[in-house]
Amino acid sequence: MAAIGTLGFVGTGTIAAAMIEGLALSGSEAIVVSPRNADIAAGLAARFPNVTIAADNQAVVDASDMVVLSVRPQIADEVLRPLAFRADQHVLSLIATISLDYLHEVTAPAATVTRAVPLPPVARGQGPTAMFPPNAAVKALYDRLGTAIELTDESEFDVFSTVTATMGAYFAFAHTIAAWMVDEGVDAARAHAFTAQLLEGLGSAPRATPGKDFAELADEHQTRGGINEQVFRAITRDGVLPDLDAALDGVLARLRAGRGIKA
């Protein structure tokens, strides 16, 4: 495994917290976090003895071998430009809309810069994480937290980043099912438990049948003339959800516009 050294987090939000929690399950490297989100930082330091809170963002950078950037895109420039990086540092950016070229510029003279899009399940060691460009240390890090997917093209990385925008919609799908059950008189706790177990079971199907794609699984899970087919036909067109397709197109255009690429 490639050595990382001390990890520092500039920005301590949901994704940074998930990474730190997942790392605590699989190692004990020193972790330094910024005080920007005081409640999350204090909670992490209280739970994990290898986590300390720095005085400010520059103190995080000064203490770290790998600096993880986890701030909102809207404030990235004002947070990052004042920071002084070292040539021997590795910068790992979790900021979805910030290009590799920009990161090299703003973190110079840092020797190595990598982009990644981890998801909340990394806290449980179950997250698929797309990363660009390939790097042994970052791959080893995210393989500990689930599965690292190394990409060699930033445009392809944009596509993977786009798909991470479906998390809220997934849970809205689950909520719609459970809320409909409640409207029909079902106890809310039972509706939640049933819907959660249903979706968890369906989510395990791709691993159980690795030779089948999602279209084949959709076909297998509906009977011609049956109730599954009735719902499938009601909400899809040509086997896909058209509104979701359009929403993903919009996110991809936004990400690429952020890198100066016209749709």
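In case you missed it, the structure is sitting above this.
Described in the following lines is the structure provided in the data block. (Residues numbered from 1 in each chain as written. Predicted model: local features only at pLDDT ≥ 70, side-chain atom pairs only at ≥ 80, totals over all residues. Heavy atoms only, no water.)

Here's the deal with the overall build of the chain
Check the secondary structure of the chain and you find 13 helices and 8 strands. Its C-alpha atoms give the chain principal-axis dimensions of about 65 × 45 × 35 Å. Within the chain, the fraction of its 263 residues that count as buried is 38%. Pairs at least 24 apart in sequence give 52% of the contacts found in the chain among residues at least 6 apart. (Helix = DSSP H or I, 4+ residues; strand = E, 2+ residues; numbered from the N terminus. Buried < 20%, exposed > 50% of the residue type's maximum accessible area, 1.4 Å probe, protein only. Contact = heavy atoms within 4.5 Å.)

Overview of the pairing of strand β6 (residues 112-117)
Most of β6 is tucked away, with 5 of its 6 residues classed as buried. Bridge count for strand β5 (residues 90-93) against β6 is 4 bridges, and the pairing is parallel. Pairing of H90 across the sheet is with T112, part of β6. Each parallel crossover has a hand, and the one from β5 via helix α5 (residues 100-107) to β6 is right-handed. As judged from the 3 bridges shared by β6 and strand β7 (residues 127-132), these two strands associate in the antiparallel manner. Opposite V117, over in β7, you have A130 as the bridge partner. (Pairing = 2+ DSSP bridges. Right-handed = clockwise from strand over helix to strand, strands pointing away.)

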